[in-house]
Amino acid sequence: MLSSDKPISNSNPTNSNPTNSNPTNSNATNNNATNSNPELIDYLEQRRGKIISNTGGWFPGKGVFSHGYSMLEELVGEKSYFQILILNATGKLVDKSLADWVEALYGCLSWPDPRIWCNQIGALAGTVRTSVMAATAMGSLAADSRIYGVFPLIESVTFIQQALAKHKQGLTSAEIINEAFAACKGKPYIMGYKRPIAKGDERLEVMEKVGRKLGFEIGEHMLLAYEIEKILMQQFDEGMNINGYMSAFLSDQGFNPQETYQMFSMLVASGVTACYLDTFHRPPNTFLPLRCEDIDYQGAPLRKVPD
Amino acid sequence: MAEELKHEQVRSRNEPFAQRVVTQIWQEEPSSDNPYIAAAALCHGYDLFELMEKRSFVDVFYLLFRGELPTKAEAQLLQALMIALINPGPRHPATRAAMNVGVGKTDPLHILPIAAAVLGGQHSGGGEVESAMHFLSKNLSSNPHEFAKTFLQELTAKNITFENSQTTPGFGKRNGGIELMALGIANRMLKLEGAGNALKWSSEMVSALASHGISWLTTGVAAAVFIDLGFQPRAGGALFQLMGSPGLIAHGLELASKPILAMPFVGDENYVIER
């Protein structure tokens, strides 16, 4: 058993460097001291050839473990896939009702429409016959976007959690909104509200219905999110989007921004797969075909290459 | 959730999306009888066939990203960097990812996207290159010796370790000490005619910090050269991934033809679950 992770102290550097004894170092000179911290070298040495995990692992003949649970005895067949997914993503074994809510949310982001940017990667991959796994994985990666998909959850969860903290300190919803706009140099912008392509978000009503069906109450983050939406609707005719809704809901369930981001890492995968298959089953390279003239070239005119 | 909430009716914004994609990089001239087949291609106005005859790969690489052909000094600097970065090395996590692709008999076509993604990290990867370029751009007008002095004073005053400091991305310690290969690469780049302000400023900055085990990281060298060549920070991270890709693919392919036993598999006795 190895010692647990501990911070490396900022001790005075020394010239101790065990790697300097390597006779194959063709560039060895007297000047190759690294001024290394011996504590860090020791830290690395302790981990050489070893795996130290606080998550779990598979031990043939003994079992598979995740966050203290025996996967094959306590999880598989006993808990839903989404309970296991959330456990692996956050270390928290949640109730089935919450896992079902997250599963429903995944359905909200699995639309087979190749006009959506991440989905179009699936369609383009299908039309040139990559594998379905490459298409799905790369399309999912595209949702790591600053403006749509999964990555913005970090900002929107952070916003609503900080907003509630400010609200409890006495700030009104309107003041919270004004502060958020000021942070954006006056632009009327808050992550979790407004949406590209369309005004309004049809997924909110569906997820509210799912929440009621599963027995969830409206929590304090969600109440504030609705208050903020009401003001934004009155002033800008812009409402909450699914990102804002799930951020408030999951904040009420005790998740932090990073955990929320982690549990939705493959949120769009199914829609990407669907878009891949639609073009995969058609003649190759026929998805949205482009003539040469369909690209608007605005660069330098024809010029001679200098020798 | 007892009450049922009413939401606005969803309606399209009818936003004015472009009818055609605009590019300043590449022009394809259609053939006379099929608008879907190109008969010629221009890169920033230069005919691709003519570029093939007259210029080096590095020249055209620079042209593609910068819009103009490089001077001899710029081409020399870029080529030297591309050689320096050609392989992150078999211990880099990105290369090890490539090796896992290979030895696991995953389709070799997946080596590049998988390993290049790992080479995009905020530590030892493209993310760090981008951060380093922002850091350099912000501080290049300062005196590098003064910067180093202030930096050390701030660390001491705030009682934070250098390892935990995010103040100088691209510069610092790797595995506890000076990254000698990065230092060697930087010193060679500095001797080239194309070495600019970023390389020189960084060199002076690290010379003042070397006794504290702080020096160039490979990502910092890449960042300084990219700035000296006129690349923007957002391009720097992706270019770092691109320039390291040959090594990633080579190592992945090397393992692809070997049995799955060709890489270590940590034994249960060395697998510790901390709970």
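Residues numbered from 1 in each chain as written. Chains lettered and ligands numbered in written order. Predicted model: local features only at pLDDT ≥ 70, side-chain atom pairs only at ≥ 80, totals over all residues. Heavy atoms only, no water.

1. So, the interface of chain B and chain A
Listed per partner, the contact involves 68 residues of chain B and 80 residues of chain A. Here chain B and chain A share six salt bridges between them. Across the pair A:E238 and B:R13 runs a salt bridge, and its minimum N-O distance is 2.8 Å. Our count for the contact surface shared by chain B and chain A stands at 30 residue pairs in polar contact (both at pLDDT 80 or more). If you list the elements that add at least two residues to the side of chain B that touches chain A, you get β1 (11-12), β2 (21-23), β3 (26-30), β4 (38-43), β5 (46-47), α1 (48-54), α8 (180-190) and β8 (271-273) of chain B. Per element, the largest residue contribution to the side of chain B that touches chain A is five residues, and it comes from β3(B). Pairing of strand β5 (residues 198-199) of chain A with β1(B), which is carried by two bridges, proceeds in the antiparallel orientation. The residue bridging A:A198 from the neighbouring strand is B:S12, located in β1(B). (Contact = heavy atoms within 4.5 Å. Salt bridge = Lys/Arg side-chain N within 4 Å of Asp/Glu carboxyl O. Polar contact = N/O pair within 3.5 Å; in protein donor to acceptor, adjacent residues only side chain to side chain. Helix = DSSP H or I, 4+ residues; strand = E, 2+ residues; numbered from the N terminus. Pairing = 2+ DSSP bridges.)

2. Considerations on the packing of aromatic side chains
Under the counting rule described, the total for this entry stands at 23 aromatic pairs over all chains. Each ring, one from A:F59 and one from B:Y271, has its centre 5.1 Å from the other, and the planes form 70°; the classification is edge-to-face. Note that A:F59 is positioned in strand β2 (residues 56-59) and B:Y271 in strand β8, a pairing that runs across two chains. Ring centres of A:Y276 and A:F280 lie 5.2 Å apart, and the angle between their planes is 20°; on these two criteria the pair is classed as stacked. One end of the pair, A:Y276, and the other, A:F280, are both in helix α13 (residues 269-280), four residues apart, so they sit about a helical turn from each other. Accessibility expressed as a relative area gives 3% for A:Y276, which makes it buried. Residue classification places A:F280 among the partly exposed residues on the basis of a relative accessible area of 32%. Site record: aromatic cluster; members linked through ring pairs are B:F57, B:F61, B:Y62, B:F65, B:F226 and B:F231. (Phe/Tyr/Trp six-rings, centres within 6.5 Å; stacked < 30°, edge-to-face > 60°. Buried < 20%, exposed > 50% of the residue type's maximum accessible area, 1.4 Å probe, protein only.)

3. A short note on the environment of B:G220
Residues and elements named next belong to chain B. Tracing the backbone shows G220 in helix α10 (residues 218-228). Since its relative accessible area comes to 0%, G220 is described here as buried. For the pair formed by G220 and A182, sequence separation is 38 residues and the distance between their alpha carbons is 8.4 Å.

4. Structural notes on the pattern of salt bridges
Applying the stated rule across the entire model yields 21 salt bridges over all chains. Of the charged contacts in the structure, one is a salt bridge between A:R195 and A:E202, with a shortest N-O distance of 2.9 Å. Between B:R20 and A:D296 there is a salt bridge; the shortest N-O distance is 3.4 Å. Of this pair, B:R20 sits in the loop between β1 and β2 while A:D296 sits in strand β6 (residues 295-297), each in a different chain. Overall, the relative accessible area of 38% leaves B:R20 in the partly exposed class. If you follow the salt bridges from partner to partner, you end up with A:K199, A:D237, A:E238, B:R11 and B:R13 in one network.

5. Let's talk about the environment of B:F57
Mapped onto the elements, B:F57 comes out in helix α2 (residues 57-66). In the structure, B:F57 is positioned 22 residues away from B:Q79 in sequence and 9.2 Å away in space, judged by C-alpha atoms.

6. Focus: the side chain of A:E229
As for its position among the elements, A:E229 is in helix α10 (residues 220-236). Despite its burial, A:E229 pairs with no opposite charge; the closest candidate is A:K230, at 10 Å N-O. A polar contact of 2.8 Å, which involves the side chain of A:E229, links it to the backbone nitrogen of A:M240. With residues near it in sequence (within four places) discarded, A:E229 still touches A:Y193, A:L204, A:E238, A:G239, A:M240 and B:H7. (Lys, Arg positive; Asp, Glu negative; His and termini not counted.)

7. Description of the pairing of β2(A)
Taken together, the four bridges between β2(A) and strand β3 (residues 63-66) of chain A define a ladder with antiparallel strand orientation. Bridge pairing in β3(A) links A:G56 to A:S66.

8. Some words on helix α5 (residues 111-118) of chain B
Residue and element names in this part refer to chain B. Of all the residues in α5, the buried ones are I111, A115 and A116. Projected down its long axis, α5 carries its buried residues within an arc of 105°, all on one side. For α5, the secondary structure elements touched by its buried residues are α4 (93-103) and α11 (233-256). (Arc of directions from axis to C-beta.)

9. Quick look at the packing of helix α5 (residues 117-127) of chain A against α13(A)
All names here are of chain A. α13 packs onto α5 with a crossing angle of 30° between their chain directions and a minimal axis gap of 7 Å. With respect to α13, the element α5 is oriented roughly parallel. As α5 runs across α13, the sense of the crossing is right-handed. Residues C118, N119, G122, A123, A125, G126 and T127 of α5 form the contact with α13, whose participating residues are G271, V272, C275, Y276, T279 and F280. Among the residues making up the contact of α5 with α13, the classes are represented as seven nonpolar, six polar and no charged. (Axes fitted to C-alpha atoms, helices over the stretch in contact; angles between N-to-C directions. Parallel < 35°, antiparallel > 145°, perpendicular 65-115°, else oblique. Left-handed = near helix turned anticlockwise from the far one by under 90°. Nonpolar A, V, L, I, M, F, W, Y, C, P; charged D, E, K, R; others polar.)

10. Notes on the sheet that holds β2(A)
Residues and elements named next belong to chain A. Taken in spatial order, the three strands make up an open sheet running β2-β3-β4, and their pairing is antiparallel. Looking along the sheet, the strands with just one partner apiece sit at the ends: β2 and β4 (69-70). Pairing of β3 with β4, which is carried by two bridges, proceeds in the antiparallel orientation. Directly across from F65, in β4, lies its bridge partner S70.

11. Remarks on the confidence of the model for chain A
Across chain A, the average pLDDT comes to 89, with 90% of residues at or above 70. Throughout residues 7-30 of chain A the model reports pLDDT below 50, and contacts reaching past four residues in sequence, or to other chains, amount to 32 contacts. (pLDDT = per-residue confidence, 0-100.)

12. Focus on helix α7 (residues 144-158) of chain B
Residue and element names in this part refer to chain B. Given a rise of 1.5 Å per residue, 15 residues ought to cover 21 Å, and the 21 Å separating the end C-alpha atoms of α7 matches this to within 8%. When α7 is considered as a whole, its buried residues turn out to be P144, F147, A148, F151 and L155. The arc enclosing the buried residues of α7, seen along the axis, measures out at 100°, which places them on a common side. Of the residues in α7, the exposed ones pointing more than 90 degrees away from the buried face are T156 and A157. Buried residues along α7 sit in contact with α6 (126-139) and α9 (197-207). Where α7 begins, the side chain of N143 points an oxygen toward the backbone nitrogen of H145, at a separation of 2.8 Å. (Expected span 1.5 Å × (residues − 1).)

13. What about a nonpolar patch on the surface?
The grouping of A:V132, A:M133, A:L277 and A:F280 at the surface amounts to a nonpolar patch, some 360 Å² of accessible area in total. Mapped onto the nonpolar patch, the elements with two or more residues apiece are α6 (132-142) and α13 of chain A. (Patch = residues over 30% accessible without salt bridge, like charges linked within 9 Å, V, L, I, M, F, W, Y side chains within 5 Å. Areas by Shrake-Rupley, 256 points an atom, 1.4 Å probe, with all protein chains shown as cover.)

14. So, the sheet that holds β4(B)
Residues and elements named next belong to chain B. Overall, antiparallel pairing links the three strands, which are arranged β3-β4-β5 in an open sheet. Only two strands of the sheet have a single neighbouring strand rather than two, namely β3 and β5. Taken together, the five bridges between β3 and β4 define a ladder with antiparallel strand orientation. When the sheet's bridge partners are listed, E29 is paired in β4 with A40.

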